[in-house]
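# Observations on the three-dimensional arrangement
Next come the chains, spelled out residue by residue.
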Amino acid sequence: MNRAIAVTALAVCMAALGGCTGQVMPSYEQVRQETLDVLREVTDLIPEHGAVSRTPEFEPYPCDDKLLLSSAEGAFFTGQWYVPVEDDFDIALFIDQFPEKLNGDWAEEDLGVPVKEPFVYLVRRSPRMTITIEESTSNGRKAVELLAISRCGIEEQQPTP
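Residues numbered from 1 in each chain as written. Predicted model: local features only at pLDDT ≥ 70, side-chain atom pairs only at ≥ 80, totals over all residues. Heavy atoms only, no water.

### Notes on the pairing of strand β4 (residues 78-84)
Stated formally: Only protein chains enter the area calculation, which uses a 1.4 Å probe; residues under 20% of their type maximum are buried, those over 50% are exposed, and those in between are partly exposed. Going along the chain from the N terminus, every DSSP run of H or I of four or more residues is numbered as a helix, and every run of E of two or more is numbered as a strand. The rule for pairing is simple: two strands pair if DSSP sees at least two bridges between them.
Counting buried residues in β4 gives 6 out of 7 residues, a clear majority hidden from the surface. Where strand β1 (residues 53-54) lies against β4, 2 bridges are found, and the strand directions are antiparallel. Within β4, the position partnered with Ser-53 by the bridge is Tyr-82. Two elements, β4 and strand β8 (residues 141-150), share 7 bridges in a ladder whose sense is antiparallel. Bridged to Thr-78 within β8 is Ile-149.

### Quick look at the sheet that holds strand β5 (residues 106-108)
On the basis of which strands lie adjacent, the open sheet formed by 6 strands has the order β1-β4-β8-β7-β6-β5 and antiparallel pairing. What marks the edges here is a single partner per strand, and that holds for β1 and β5. Of the strand pairs in this sheet, strand β7 (residues 129-138) and β8 are connected by 10 bridges, and their pairing is antiparallel. Residue Ile-133 lies in a different strand from β8, and its bridge partner there is Leu-146.

### Quick word on the pairing of strand β6 (residues 119-124)
Burial analysis of β6 places 6 of its 6 residues in the buried class, the great majority of the element. Burial along β6 is two-sided: the residues Phe-119, Tyr-121 and Val-123 and Val-120, Leu-122 and Arg-124 are all buried. Relative to β6, β5 runs antiparallel, the two being bridged by 3 bridges. Each bridged residue has a counterpart across the sheet, and for Trp-106 the counterpart in β6 is Arg-124. Sheet topology places β6 next to β7; 6 bridges connect them, and they run antiparallel. Pairing of Tyr-121 across the sheet is with Thr-132, part of β7.

### So, the pattern of salt bridges
Where we set the bar: Here, a salt bridge means any Lys or Arg side-chain nitrogen found within 4 Å of an Asp or Glu carboxyl oxygen.
Scanning the entire structure with this criterion turns up 7 salt bridges. The partner of Arg-32 in a salt bridge is Glu-57, and the shortest N-O contact between them spans 2.8 Å. On the criterion of sequence distance, the pair formed by Arg-32 in helix α2 (residues 28-44) and Glu-57 in the loop between β1 and β2 (61-62) is long-range, its members being 25 residues apart. Overall, the relative accessible area of 19% leaves Arg-32 in the buried class. Given the relative accessible area of 43%, Glu-57 is considered partly exposed. Notably, a salt bridge pairs Glu-34 with Arg-151, separated by 2.6 Å at the nearest N-O pair. Residue Glu-34 is found in helix α2, and its partner Arg-151 is found in the segment after β8; the two are separated by 117 residues along the sequence. Accessibility classification places Glu-34 together with Arg-151 in one group, the buried group.

### Looking at the environment of Pro-56
With respect to the element layout, Pro-56 can be found in the loop between β1 and β2. Sequence spacing of Pro-56 and Gln-80 is 24 residues, and the spatial spacing of their C-alpha atoms is 8.3 Å.

### What to know about the confidence of the model for the chain
Test applied: Values of pLDDT, the confidence the predictor places in each residue, fall between 0 and 100. Any pair of residues with heavy atoms lying within 4.5 Å of one another is described as a contacting pair.
Residues of the chain with pLDDT of at least 70 account for 81%, and the chain-wide mean is 84. Model confidence for the chain, summarised as mean pLDDT per element, is weakest for helix α1 (residues 2-17) at 44 and strongest for β4 at 97. Long-range and interchain partners of residues 1-21, a stretch whose pLDDT sits below 50, account for 42 contacts in this model, where long-range means more than four residues apart.

Below, the structure written as structure tokens:
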């Protein structure tokens with residue numbers, strides 16, 4: 001339940017972050033790749049982890065969905081990874097120390113809704129992106145769960161046959 005509230009709050013925040021800025025919007029593929037790069041960067045900071053389990057990619061979610069209270073163009077990418085760690089790995093300490101380790105202009109923000117701990121929600125200023133990092137399980141093992149949401153990007157039109 002808390003996860004559903006947090007994901008909804010993230011989607012709303014992401015829609016607000018992805019609004020029009022008067023600049024040329026990036027492609028959906030570009031924002032997808034930016035998100036995957038950050039997920040890899042975070043994973044590389046987790047020592048002695050197991051094989052990453054990635055949630056299958058969803059269809060791009062439109063930035064102008066009425067539930068998001070946004071009129072932004074394009075779609076955003078969501079990446080969710082589970083990184084298994086050893087039982088003695090201190091996820092709470094990792095999360096407490098984490099914000100300083102990530103490259104770029106990231107800031108911790110409060111979602112304004114109750115979430116399970118340990119948990120951190122970070123927003124990157126440029127290019128815009130959010131990521132949450134929390135303790136979880138994956139296939140019965142202790143894991144670090146990562147949920148990253150991109151800014152809005154324009155989907156390329158597929159040629160019609």
